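Architecture and fold: a report
Chain by chain, the residues run as shown.
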Amino acid sequence: MERVSAQLYAAVGSIVANLGEGYAHSSGKDRARIFEYALGSAGESIAWYRSAEPVLGTGIVGSRVEKLDEIRRMLMAIIPRERNRLIRPSKH
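To start, this report covers the structure provided alongside it.

The rules we used
- Residues numbered from 1 in each chain as written.
- Predicted model: local features only at pLDDT ≥ 70, side-chain atom pairs only at ≥ 80, totals over all residues.
- Heavy atoms only, no water.
- Helix = DSSP H or I, 4+ residues; strand = E, 2+ residues; numbered from the N terminus.
- Buried < 20%, exposed > 50% of the residue type's maximum accessible area, 1.4 Å probe, protein only.
- Expected span 1.5 Å × (residues − 1).
- Contact = heavy atoms within 4.5 Å.
- Salt bridge = Lys/Arg side-chain N within 4 Å of Asp/Glu carboxyl O.
- Axes fitted to C-alpha atoms, helices over the stretch in contact; angles between N-to-C directions.
- Parallel < 35°, antiparallel > 145°, perpendicular 65-115°, else oblique.
- Left-handed = near helix turned anticlockwise from the far one by under 90°.
- Nonpolar A, V, L, I, M, F, W, Y, C, P; charged D, E, K, R; others polar.

Concerning the environment of Tyr37
As for its position among the elements, Tyr37 is in helix α2 (residues 28–51). With relative accessibility at 44%, the residue Tyr37 sits in the partly exposed group.

Now the structure itself:
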């Protein structure tokens, strides 16, 4: 379980780190790319939570997976919109 807990901690932390980094980028394409990393980390986190179910229990894992699924759904809606968006105004 030591390996699982370390991987789970890293995967969940990666979601937050990538969301924060993505918001710092002014190019929608860059933002979308980094948000895709967060999306991948959310999926990885789900897999690690399921691996930890014998220790954490079904209730805890179920509630955490629900939250991670919600994050995934939001990112899947946000990513396509961000690809064509620009925060900084054009200099033309």
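Things to note about helix α1 (residues 2–23)
Helix length check: α1, at 22 residues, gives a terminal C-alpha distance of 32 Å against a target of 32 Å (1.5 Å per residue), a fit within 8%. Here α1 has its buried residues at Val4, Leu8, Ala11, Ile15, Asn18 and Gly22. Buried residues in α1 make contact with α2 and α4 (58–83).

Here we look at the pattern of salt bridges
Applying the stated criterion across every chain, the model contains four salt bridges. As a salt-bridge pair, Asp30 and Arg33 come within 3.6 Å of each other at their nearest N and O atoms. Remark: Arg33 and Asp30 occur in helix α2; sequence separation between them is three residues, near one turn of the helix. The exposure class assigned to Asp30 is partly exposed, which follows from its relative accessible area of 29%. The class for Arg33 is partly exposed, based on a relative accessible area of 34%. The residue Glu82 makes a salt bridge to Arg31 at a minimum N-O spacing of 2.0 Å. With Glu82 in helix α4 and Arg31 in helix α2, the pair connects residues that are 51 residues apart, well separated along the chain.

Some details on the packing of α2 against α4
Viewed as axis vectors pointing N to C, α2 and α4 meet at an angle of 165°, and their least axial separation amounts to 9 Å. Classed by the angle they form, the pair α2 and α4 counts as roughly antiparallel. Of the two possible hands of crossing, α2 and α4 adopt the one that is left-handed. Of the residues belonging to the contact of α2 with α4, the class tally is 14 nonpolar, three polar and nine charged.

So, the environment of Val65
Structurally, the position occupied by Val65 is in helix α4. Spatially, the C-alpha atom of Val65 lies 8.3 Å from that of Ser45, the residues being 20 residues apart in sequence. Not counting residues up to four positions away in its chain, the partners in contact with Val65 are Ile46, Tyr49 and Arg50.

Any functional reading would require information beyond the geometric quantities listed.
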